[in-house]
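Notes for the structure review
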Amino acid sequence: MRTTPLNSPMSRLRWRRVASAVTATAALLLTGLTTAAHAQAADPSTAKVTWTRSCALPRHQGEMACNALRVTGGRTAFQQQHGISAKAADASSPSGYGPSDLRSAYGLTSAAASNGSGRTIAIVDAYDDPNAESDLAAYRSQYGLPACTTANGCFKKVSQTGSTTALPTADSGWAGEISLDLDMASAICPNCHITLVEAKSASMANLGTAVNEAVALGAKYVSNSYGGGESSSDASYDSAYFNHPGVAITVSAGDAGYGAEYPAASKYVTAVGGTRLSTSSTTRGWTESVWRTSSTEGTGSGCSAYDTKPTWQTDTGCTKRMIADVSAVADPATGVSVYDTYGADGQGWATYGGTSASAPIIASVYALAGTPSTGSYPAKFPYANTTALNDVTSGSNGSCTTSYFCTARTGYDGPTGLGTPEGLGAFTG
C-alpha cells in the first residue's frame, strides 16, 4: 500500500485544516466531505469568493482526493464581468465562465466548431454519479451544444471493468467532480464523444484500473482530476497504469499549493497546473497568472522525489520529473460554470475551480488537435512547440528554494509549466 508522507501537499493541507478548525469561527468547520476555505465578507455583493472541497481528503493509505473546488459565496470574475451581484446569483443560472469564454481565452473557437468528430475523451473518476447523463444534458442545452447521450452513442458510462450496469456506489462529492469534468470536456470539444469510467473507490489501484479500461475501450484522451502524496510505489504505478503510448493522459497538479503530487508526477502523463484567468484590454483579451489563494491553496507544482525525468524536460534545477507541463484556468474566483444535481451539494448551477477544471480542459484540447501518433507520448508535444502557448510570467504558489519550482517566469516554470493553450499547435504530434 502507498503512504502519504507527512510533508506531502495532502498531509500539509489536512493538518492546516485541522489547525484552522480549532481557531476559526463556527462557520468554518472542518468536515469529512467539504471544508470552507475562507471567511465570507458581510456584504454579499462584494464578498470574497469562498469555496469548499468537493471530495473528502484521503482517510487511508493509497487513497486519492479529487481536485474539484465548489464556490459557496462571493462574486466570481464572470459575475463581475456581467454585472451580476453575488446576491442575485443562484443555482438556477450560471455564475462562472462558459464554453465561449474558455474557447476565446485559449484560441479554440474555430477548432471547437469544426474538430472532434469521431474522437472519444475518457473521464476517469471514483464512485458513481447517478445524474451524470441528465446533468450533462442540462449543461449542453444551456450553452447550445449538440446532445451527447447514451441513445445517440455520444455518451457512455461504465465501471472500471467496463460494465454498464454493475456501477460503483454513488458519492455526492465525486459526483460534483464528475459533472465538472464532463462539462469541461463538452465546453472545449462539443463534437467529441465522452466515456465516463467510474472506479469503485478512490484508491490508486482502482483509479489506475479505470485508466486502463478507458484505453482498452479506445479513448485516445484520458483526463484524471485527482491526486495524493508521492511514494516509492510510483514507478510501479507508472508501469501498471499510465504507460500508454499514443494516448494523451492528463492529470491535475493539485490544489494544495507548492508541492509535488502523484499521478501528476508520472513521466507518462501531461501534468496540468492552474491559473487565474481574467479579461483584459490586451489583443488576446485575457490575462493569466499563477493561481494562489494562500500558502496551502493554489496550484500544485514541484520536483518529484521519485519519478524519473522524461527526456523532453530540460530544466536544470530538478534532476527528476518536474510538475507541471502546461496549465489552464483553476482559480475558483475565476471559475467555470458546472451543472450538478446529485446529493446535498448538487443544487443545479454552481461555479467550480481547482486543477480538476484544468486537466479535462487540456485533455479536450488534445482531442481537438487530433489523434496522437502511434508510439508517441503526448506529454512531449508542448515542449516541441512552445510558441503555440501563452507564457504565464507572474505569480507564485508558495515558497521554495529553487525559484522556478514555485514562481512564474518567462519560459518554463513549475506552477504553469510552458503556459496555456493558444490554439492547437502545442498539442499535436
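Brief notes about unusual backbone geometry
- A cis amide bond, omega 10 degrees, links Tyr262 with the succeeding residue Pro263.
- Considering the arrangement of structural elements, one finds Pro263 in the loop between strand S9 (248-252) and strand S10 (270-279).
- Residue Ala324 is reached from Ile323 by a cis peptide bond, and omega for that bond is 15 degrees.
- Among the secondary structure elements, Ala324 is positioned in the loop between strand S15 (320-323) and strand S16 (326-329).
- Positive phi is not limited to glycine here, since Tyr127 has a value of about 65 degrees.
- Tracing the sequence through the fold places Tyr127 in the loop between strand S4 (120-126) and helix H5 (132-142).
- Residue class for Tyr127 comes out buried when judged on its relative accessible area of 18%.

Re the pattern of salt bridges
- Per the counting criterion, the structure on display carries five salt bridges.
- Between Lys157 and Asp128 there is a salt bridge, and its shortest N-O distance comes to 2.9 Å. One end of the pair, Lys157, is in strand S5 (residues 155-159); the other, Asp128, is in the loop between S4 and H5, with 29 residues separating them in the sequence. Note on accessibility: Lys157 and Asp128 belong to one class, buried.

Observations regarding the environment of Ser104
- Tracing the sequence through the fold places Ser104 in helix H3 (residues 99-105).
- Accessibility expressed as a relative area gives 36% for Ser104, which makes it partly exposed.
- Excluding its chain neighbours within four sequence positions, the residues that come into contact with Ser104 are Thr109 and Trp286.

Digging into the packing of helix H7 (residues 204-216) against helix H8 (residues 234-242)
- In contact at an axis separation of 8 Å, H7 and H8 are set at 35 degrees when each is read in the N-to-C sense. The segment H7 lies against H8, with Met204, Ala205, Gly208, Thr209, Val211 and Asn212 engaging Tyr237, Ala240, Tyr241 and Phe242.
- Of the residues contributing to the contact of H7 with H8, the split by class is seven nonpolar, three polar and no charged.

Comments concerning the pairing of strand S1 (residues 50-53)
- Both faces of S1 are covered, namely the face carrying Thr50 and Thr52 and the face carrying Trp51 and Arg53.
- When S1 meets strand S3 (residues 69-73), the two strands line up antiparallel, connected through four bridges. In the sheet register, Trp51 faces S3, and the bridge partner there is Val71.

Looking at the environment of Ser233
- Among the structural elements, Ser233 can be located in the loop between strand S8 (226-227) and H8.
- What makes Ser233 partly exposed here is its relative accessible area of 21%.
- Separated by 73 residues in the primary sequence, Ser233 and Tyr306 place their C-alpha atoms 8.7 Å from one another.

A look at the nonpolar core
- Ranked by size, the top nonpolar core spans 102 residues in total, and within it Leu102, Val124, Leu182, Tyr226, Phe242, Val336 and Phe427 carry the most contacts.
- Beyond its immediate chain neighbours, meaning those up to four positions away, Val336 contacts Gly96, Tyr97, Leu102, Leu180, Met184, Val329, Ala350, Thr351, Tyr352 and Ala357.
- Core analysis: the next-biggest nonpolar cluster, separate from the first, contains seven residues, Trp51, Leu69, Trp291 and Ala333 among them.

Comments concerning the sheet that holds S1
- Strand order across the open sheet formed by four strands is S1-S3-S18-S17, with antiparallel pairing between neighbours. Whereas interior strands pair on both sides, the edge strands pair on one side only; in this sheet they are S1 and strand S17 (336-340). Averaged over all pairs of adjacent strands, the angle between their axes in this sheet comes to 50 degrees, without regard to strand direction.

Rules used throughout
- Residues numbered from 1 in each chain as written.
- Predicted model: local features only at pLDDT ≥ 70, side-chain atom pairs only at ≥ 80, totals over all residues.
- Heavy atoms only, no water.
- Helix = DSSP H or I, 4+ residues; strand = E, 2+ residues; numbered from the N terminus.
- Buried < 20%, exposed > 50% of the residue type's maximum accessible area, 1.4 Å probe, protein only.
- Salt bridge = Lys/Arg side-chain N within 4 Å of Asp/Glu carboxyl O.
- Contact = heavy atoms within 4.5 Å.
- Axes fitted to C-alpha atoms, helices over the stretch in contact; angles between N-to-C directions.
- Nonpolar A, V, L, I, M, F, W, Y, C, P; charged D, E, K, R; others polar.
- Pairing = 2+ DSSP bridges.
- Core = buried A, V, L, I, M, F, W, Y, C linked by side-chain atoms within 4.5 Å.

In short, geometric facts, not functional conclusions.
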